[in-house]
Structures are given as structure tokens and as C-alpha cells.
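# Descriptive structure summary
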Amino acid sequence: MPPVFAHGRLRLYLLKLLDEAPRHGYEVIRLLEERFQGLYAPSAGTVYPRLAKLEAEGLVTHATEGGRKVYSITDAGRAELADRGGELADLELEIRDSVSELAAEMRDDVRGAAGDLRREMLAAASASATHVEDESWKAAKEDLRRARQEWKEQARRAKDESRRAREEAQQARRQAKEAQERAREEVQRIAGQLQEQFARSGGVLGSLAGAWLGGAPSAAPAGDAAADADRASGWAADLTPTADPARDLDRLLDRFRDEVRDAARDRGVTAAQVAEARGHLAAATARLGTTFGSKP
């Protein structure tokens with residue numbers, strides 16, 4: 001019999017089944033048997049250890065209902081499904097191929113059994129001079145009829161399963177593509193927000209040495225200087241003071257360092273700007289030294 005699931009694929013398909021709805025272990029086994037039209041049914045020794053491993057990895061969780069564990073997928077499990085959308089689509093195609101191969105094997109077995117039965121019937125008929133159709137002959141004919149009917153039914157079910165697997169694989173590919181588009185749009189949106197934030201930060205950084213530290217902004221127009229002073233007055237207003245002034249000072253210095261570093265990284269820095277920044281920082285250091293050296 002060909003393998004139904006390649007290495008690690010049963011784990012992915014269990015996540016898919018639990019994403020459809022919470023299920024207990026026996027229901028998962030029964031659903032897998034239905035998906036394969038009775039051609040494959042995993043044992044409890046195959047399914048339960050994998051569910052336990054998924055739970056240990058935080059991908060599923062369980063609740064006890066009526067004395068049985070009902071497993072549900074977690075947000076981490078859904079995230080793995082979304083990340084592996086293309087692999088899940090390939091798995092659906094693999095399942096279709098596995099069903100087809102299993103059906104082909106059963107069809108060959110049925111054909112072989114039917115051929116053997118036909119030869120036995122002909123031999124029995126030749127051995128009988130009167131060719132009397134006794135009860136055993138009738139039973140053999142009925143067995144042959146049932147075998148043919150079973151083969152036709154299995155072939156029909158395999159064809160239906162193959163068609164359904166193709167449709168699900170196509171849908172999975174569409175969903176994966178849509179997820180990629182949404183992720184791309186979200187990245188673009190966040191990038192736009194960061195760009196606006198850096199633009200706003202630029203005015204504050206330019207006025208720190210003047211309005212906050214006491215220096216003069218470098219070559220800024222009068223209108224821009226007023227706007228920078230307004231922005232500097234509200235700089236780091238989101239940092240709520242604590243009961244520890246030393247900790248509050250560390251947070252302000254961290255904010256100052258991060259904004260200056262980000263502005264330099266995003267806009268570039270020249271030797272002249274470094275020299276000018278050194279002057280601003282020297283003035284700020286002297287003024288802050290005076291501030292902290294004075295008595296409260």
C-alpha cells in the first residue's frame with residue numbers, strides 16, 4: 001500500500017481538521033476515514049500521540065467534555081496554517097493521489113479476485129456433466145456480481161474524492177495568495193506610519209538643543225522655529241513620570257538617543273552635521289550639569 005501521508009504531513013492535516021471545528025480524538029479518526037472514503041483509517045496509536053505533541057508545542061489545546069478530551073486549535077496553530085498555506089494545498093493534492101492509488105490497488109485486487117472466481121466457476125461447470133446450476137453456483141455468481149458492483153462504487157468514490165481534492169487545493173492557493181496580498185498591504189501601511197513618525201520626529205530633534213537644552217536651532221526659518229518650539233514643549237509627553245526621578249531621567253535620555261540615532265540613520269549624516277551636533281551636545285551637557293549641580 002502506498003503511504004497516505006508523507007513525513008510530517010499528518011501533523012499539518014490534523015491542524016486543518018481542528019481549524020474547521022473542535023473535535024475529540026475518535027472524531028478525528030472517523031473524519032479521516034470519511035475523507036478517504038473508507039480506504040484509509042489511522043489508528044488511535046497514530047493520531048493521539050500527534051495531538052499530544054501539537055498540544056505540547058502550543059498549537060492546540062483541549063477541554064474535557066463528557067469524560068473525553070476535545071481538542072481546539074490555538075492562534076499559534078492558525079498562524080502556522082497561514083504560513084504553510086502553499087504546503088497545505090500541495091497536501092490536498094497528495095491526498096487526492098493517495099486516494100487514487102489506494103482505489104487503483106483495490107480495483108486490481110477486485111479484478112484479480114473476480115478473474116480467479118470466474119476461472120473456478122468455469123472449471124466447476126466443465127466438471128459437471130449436467131451443468132446443473134446448484135446453490136453453490138448461484139452463490140458464486142452472486143459473489144461475482146457483488147465484486148463488480150463494489151469495484152464500480154469504489155471507482156466512483158475515488159473519482160469524487162479526486163475532484164473535491166482539486167477544488168480544495170485551488171481554494172487553498174487562492175486563500176494563500178490573498179493572505180500574501182493582505183500582509184504586503186499591512187507592511188506598506190506600517191512603513192507609511194513610520195515615515196510620518198520620523199518626519200514628525202525631525203522637527204523635535206532639530207529643536208532639542210534650542211528649546212529643551214537651551215541652544216539655538218541651526219538655520220531654521222522663524223515659522224519652523226516656532227513650530228519646533230511647540231513640538232519640543234510636548235516632547236516625550238507620553239512618558240508618564242514615576243516615583244523614581246533617576247529612572248525618569250534614564251527614560252528621557254533613552255528617548256533622546258533613539259530619536260537622534262533614527263533620524264541620522266534615515267536621513268544620513270555628514271561630517272559638518274556631526275561637528276554641529278557636538279557643539280549642541282557640549283552646550284546641553286554644560287547646561288544640564290548646571291541644572292543638576294544647583295541646589296533644589
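Look up: the structure comes first, before these words.
Residues numbered from 1 in each chain as written. Predicted model: local features only at pLDDT ≥ 70, side-chain atom pairs only at ≥ 80, totals over all residues. Heavy atoms only, no water.

### Section: the overall build of the protein chain
Within the protein chain one finds 9 helices and 3 strands. Secondary structure of the protein chain in N-to-C order comes out as α-β-α-α-β-β-α-α-α-α-α-α. For the protein chain, the residues scored as buried account for 29% of the 296 residues in total. The long-range fraction of contacts in the protein chain, counting pairs at least 24 apart against all pairs at least 6 apart in sequence, stands at 62%. When the accessible surface of the protein chain is split by element, carbon and sulfur atoms take 54% of a total near 18,700 Å². (Helix = DSSP H or I, 4+ residues; strand = E, 2+ residues; numbered from the N terminus. Buried < 20%, exposed > 50% of the residue type's maximum accessible area, 1.4 Å probe, protein only. Contact = heavy atoms within 4.5 Å. Areas by Shrake-Rupley, 256 points an atom, 1.4 Å probe, with all protein chains shown as cover.)

### Here we look at the nonpolar core
Grouped together as the largest cluster of nonpolar side chains are 24 residues, with contacts concentrated most on L14, L15, L18, V28, L32 and V47. Counting residues per element, the ones that place at least two in this core are α1 (9-20), α2 (25-35), α3 (44-56), β3 (68-73) and α5 (85-127). Among the elements that make up this core, the one with the highest residue count is α1 (7 residues). Other than its neighbours up to four places away in sequence, V47 contacts L14, V28, I29, L32 and P42. (Core = buried A, V, L, I, M, F, W, Y, C linked by side-chain atoms within 4.5 Å.)

### Description of unusual backbone geometry
Although it is not a glycine, A236 sits at a positive phi angle of roughly 60 degrees. Structurally, A236 is set in the loop between α7 (222-233) and α8 (245-267).

### Let's talk about the pairing of strand β2 (residues 60-65)
Alignment of β2 against β3, held across 6 bridges, turns out to be antiparallel. By the bridge assignment, E65 is partnered in β3 with R68. From the end of β2 to the start of β3, which pair antiparallel, there are 2 residues, and G66 there has a positive phi angle of about 60 degrees. (Pairing = 2+ DSSP bridges.)

### Re the sheet that holds strand β1 (residues 23-24)
A sheet is described by the order of its strands in space; here 3 strands give the open sequence β1-β3-β2, paired in antiparallel fashion. Unpaired on one side and paired on the other, β1 and β2 mark the two borders of the sheet. In the packing of α1 onto the sheet, contacts are made with β1, β2 and β3, and the angle to β3 comes to roughly 95 degrees. (Axes fitted to C-alpha atoms, helices over the stretch in contact; angles between N-to-C directions.)

### Some thoughts on the side chain of R35
Along the polypeptide, R35 turns up in helix α2. Classification of R35 by relative accessible area gives buried; the value is 15%. In this structure the side chain of R35 is engaged in a polar contact, spanning 2.9 Å, whose partner is the side chain of E20. Once residues lying within four places of it in the same chain are set aside, the contact partners of R35 are Y13, K16, L17, E20, E161 and R164. (Polar contact = N/O pair within 3.5 Å; in protein donor to acceptor, adjacent residues only side chain to side chain.)

### What to know about α1
For α1, with 12 residues, the first-to-last C-alpha span of 17 Å sits near the 16 Å given by 1.5 Å per residue. Extensive coverage of α1 is indicated by the burial of 9 of its 12 residues. Among the residues of α1, R9, L10, L12, Y13, L14, L15, K16, L17 and L18 are the ones counted as buried. (Expected span 1.5 Å × (residues − 1).)

### Description of the side chain of E80
Residue placement: E80 occurs in helix α4 (residues 75-83). The exposure class assigned to E80 is buried, which follows from its relative accessible area of 15%. Among all residues touching E80, those that are not within four sequence positions of it are R11, L15 and L59.

### Some points on the pattern of salt bridges
Side-chain pairs of opposite charge can arise whenever the charged atoms involved come near each other. Inspection of the entire model under this criterion finds 24 salt bridges. Of the charged contacts in the structure, one is a salt bridge between R78 and D75, with a shortest N-O distance of 3.5 Å. Remark: D75 and R78 occur in helix α4; sequence separation between them is 3 residues, near one turn of the helix. With a relative accessible area of 64%, D75 lands in the exposed category. Salt bridges sharing partners connect three or more residues here, namely R11, K53, E57, E80, R84 and E87. (Salt bridge = Lys/Arg side-chain N within 4 Å of Asp/Glu carboxyl O.)

### What to know about the pairing of β3
Direction of pairing for β1 relative to β3: antiparallel, over a ladder of 2 bridges. Paired with H24 across the two strands is V70, which belongs to β3.

### Observations regarding the packing of α1 against α3
Running from N to C, α1 and α3 point in directions that differ by 75 degrees, and their axes come no closer than 10 Å. With respect to α3, the axis of α1 lies roughly perpendicular. Taking contact as the criterion, the partners of L10, R11, L14, L15 and L18 in α1 are, on α3, T46, V47, R50, L51 and L54. Counted by class, the contact of α1 with α3 contains 7 nonpolar, 1 polar and 2 charged residues. (Parallel < 35°, antiparallel > 145°, perpendicular 65-115°, else oblique. Nonpolar A, V, L, I, M, F, W, Y, C, P; charged D, E, K, R; others polar.)

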